[in-house]
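Survey of secondary and tertiary structure
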Amino acid sequence: MTIAARNRFIRLFRFFSLAFLVVAVLSIIQLLLRHEVITEIPLNRPFKLLDSFTTTLQSPYAAIIAIGILPLYSVLLLSYIHFTFEKTQTVEITFFAAAVFAVSLETFRLFIPLFHLWINSTFLSVTVSRIVLFSRFFVLLTLLASVIFNTEQAVQMVGSLIFLLAFVSVSLAYAFPMNTEIIGSNFLVAQGYNSIVNYFFAITGILTVLSYIVLGKQRGIAEYTGAAAGILLMLLGYVQLIFCDTWLFLVTGAIMLFFGSWLYLKRIHHYYLWQ
């Protein structure tokens with residue numbers, strides 16, 4: 001993939017992320033005006049242990065604002081990537097930009113409280129959940145691919161690899177059954193084999209961080225250690241926001257997501273600046 005083609009993809013990603021942001025803002029405003037709607041949803045928390053702490057009491061408002069932050073993150077990060085790496089040939093950034101765009105697909109979760117999808121809307125609620133599950137698989141797989149396929153030979157294959165990862169993510173998202181009887185306090189239908197999905201995410205995230213550290217040591221790239229730290233913070237913040245139903249997760253998750261992403265991009269840019 002040439003630099004010009006990559007930049008066109010990033011602009012396209014940013015356009016759709018901006019559209020998702022507009023949808024998210026309008027949806028959140030509508031929900032806030034109809035505040036009684038989001039308090040009707042059954043309160044099935046992702047982490048029931050959080051009920052034991054006063055700092056992590058459940059709040060539907062924190063959940064919907066956390067969802068709105070994700071497309072905003074995509075728009076801001078994609079704009080920063082386009083401005084900073086516009087003339088830089090780097091495999092990592094193409095995969096990273098695709099992952100950043102996929103984060104904005106979390107916007108679909110707002111449709112569950114907005115249209116009361118927990119009431120006799122099985123098809124729509126499952127569709128929303130599969131889209132969201134696809135985005136999460138895709139984010140993790142593209143971040144891992146950014147380090148695995150970090151070779152000169154892979155430059156011309158990036159487009160095909162991203163398409164393949166998207167296909168694999170769709171397949172995985174449709175492989176898991178959905179429990180439409182359980183709607184989480186973070187506005188998502190519960191998927192079957194929940195522990196398997198969580199283990200997959202955790203293992204893939206850890207492998208991504210370790211791969212950057214190992215590759216940095218092998219090639220003598222000191223910046224990759226900082227990039228690994230950035231990926232770790234980014235993933236921790238991402239997890240907090242996608243599971244967010246409390247103000248504490250909203251604040252700490254947003255800080256880690258933005259700072260971790262900035263740290264990763266800063267380290268990668270510093271490395272290629274001197275190549």
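As shown above, the structure is provided for reference.
Now for a look at the structure at hand. Predicted model, so just to flag it, every value in this text is computed and none were measured. (Residues numbered from 1 in each chain as written. Predicted model: local features only at pLDDT ≥ 70, side-chain atom pairs only at ≥ 80, totals over all residues. Heavy atoms only, no water.)

1. Structural notes on the overall build of the protein chain
The condition is simple: Strands are runs of DSSP state E lasting at least 2 residues, helices are runs of H or I lasting at least 4, and numbering of each runs from the N terminus. As defined in this context, the radius of gyration uses C-alpha atoms, and a globule is described by 2.2 Å times the residue total to the power 0.38. For every residue, the accessible area obtained with a 1.4 Å probe (protein chains only) is divided by the maximum for its type, and the residue is called buried under 20%, exposed over 50%, and partly exposed between those limits. Throughout, a residue-residue contact means that at least one pair of heavy atoms, one from each residue, lies within 4.5 Å. Residues scored as charged are limited to Lys and Arg (positive) and Asp and Glu (negative), so that His and the chain ends carry no count. By convention, the charge on Lys lies at NZ, on Arg at CZ, on Asp at CG and on Glu at CD.
Looking only at helices and strands, the protein chain features 9 helices and 2 strands. When the helices and strands of the protein chain are read in sequence order from the N terminus, they spell out α-α-α-α-α-α-β-β-α-α-α. Taken over C-alpha atoms, the radius of gyration comes to 19 Å for the protein chain, in line with the 19 Å a tight globule of 275 residues would show. Once the C-alpha set of the protein chain is aligned to its principal axes, its extents read approximately 55 × 35 × 35 Å. Taken across its 275 residues, the protein chain has 54% of its residues classed as buried. Counting contacts in the protein chain only where the partners sit at least 6 residues apart, residues at least 24 apart contribute 80% of the total. Placing the 15 positive and 10 negative side-chain charges of the protein chain at their respective mean positions leaves the two points 9 Å apart.

2. Quick look at the nonpolar core
Convention followed: Note on terminology: a nonpolar core comprises buried Ala, Val, Leu, Ile, Met, Phe, Trp, Tyr and Cys residues joined through side-chain atoms within 4.5 Å.
In this structure, Phe-96, Ile-231 and Tyr-264 are the most contacted members of the largest nonpolar core, which totals 89 residues. When residues no more than four places from it in sequence are discounted, the contact partners of Tyr-264 are Glu-92, Ile-93, Phe-96, Ser-146, Tyr-212, Ala-227, Gly-230 and Ile-231.

3. Digging into the packing of aromatic side chains
The condition that has to hold: Planes of paired rings set the category: under 30 degrees apart is stacked, over 60 is edge-to-face and the rest tilted, where pairs are Phe, Tyr or Trp rings (Trp by its six-membered ring) whose centres lie within 6.5 Å.
Throughout the structure, instances matching the rule amount to 19 aromatic pairs. Each ring, one from Phe-15 and one from Phe-16, has its centre 5.5 Å from the other, and the planes form 75°; the classification is edge-to-face. Residue Phe-16 is classed as partly exposed on the basis of its relative accessible area of 38%. Among the aromatic residues, those joined into a cluster by ring pairs are Phe-96, Tyr-212, Tyr-224, Tyr-264, Tyr-271 and Tyr-272.

4. Some thoughts on a nonpolar patch on the surface
So the rule is basically this: Here, patches come from residues exposed beyond 30% relative accessible area and free of salt bridges, joined within 9 Å for like charges and within 5 Å for nonpolar side chains (Val, Leu, Ile, Met, Phe, Trp, Tyr). Each accessible area is a Shrake-Rupley result for a 1.4 Å probe, and residues are judged covered by the shown protein chains and nothing else. Salt bridge, as used here, is a side-chain nitrogen of Lys or Arg placed within 4 Å of a carboxyl oxygen of Asp or Glu.
Taken together, Phe-9, Leu-12, Phe-15 and Phe-16 make up a surface patch of nonpolar side chains, about 400 Å² in accessible area. Along the polypeptide, Phe-16 turns up in helix H1 (residues 3-33).

5. Digging into the pattern of salt bridges
Counted by the stated rule, this structure contains 2 salt bridges. Measuring nitrogen to oxygen at the nearest pair gives 2.8 Å for the salt bridge that ties Glu-106 to Arg-109. There is no split in this pair, since Glu-106 and Arg-109 are both buried. With a closest N to O distance of 2.8 Å, Arg-136 and Glu-106 form a salt bridge. Here Glu-106 lies in the loop between helix H3 (91-103) and helix H4 (111-114) and Arg-136 lies in helix H5 (residues 122-148), a separation of 30 residues in the sequence. You can call Glu-106 buried: its relative accessible area is 0%. Among the charged side chains, a salt-bridge network with shared partners connects Glu-106, Arg-109 and Arg-136.

6. Some words on helix H7 (residues 194-219)
Spelled out, the test is: The length a helix should cover is 1.5 Å for every residue beyond the first.
Over its 26 residues, H7 runs 38 Å from end to end, which matches the ideal 38 Å to within 8%, given 1.5 Å per residue. Buried-residue contacts for H7 involve H3, H5, strand E2 (189-191), helix H8 (223-242) and helix H9 (247-273). Positive backbone phi, at 70°, marks Gly-220, one or two positions downstream of H7.

7. A short note on the environment of Gly-226
Along the chain, Gly-226 turns up in helix H8. Residues Gly-226 and Val-128, spaced 98 residues apart in sequence, show a C-alpha to C-alpha distance of 35 Å. When near neighbours in sequence (up to four residues on either side) are disregarded, Gly-226 contacts Leu-263 and Arg-267.

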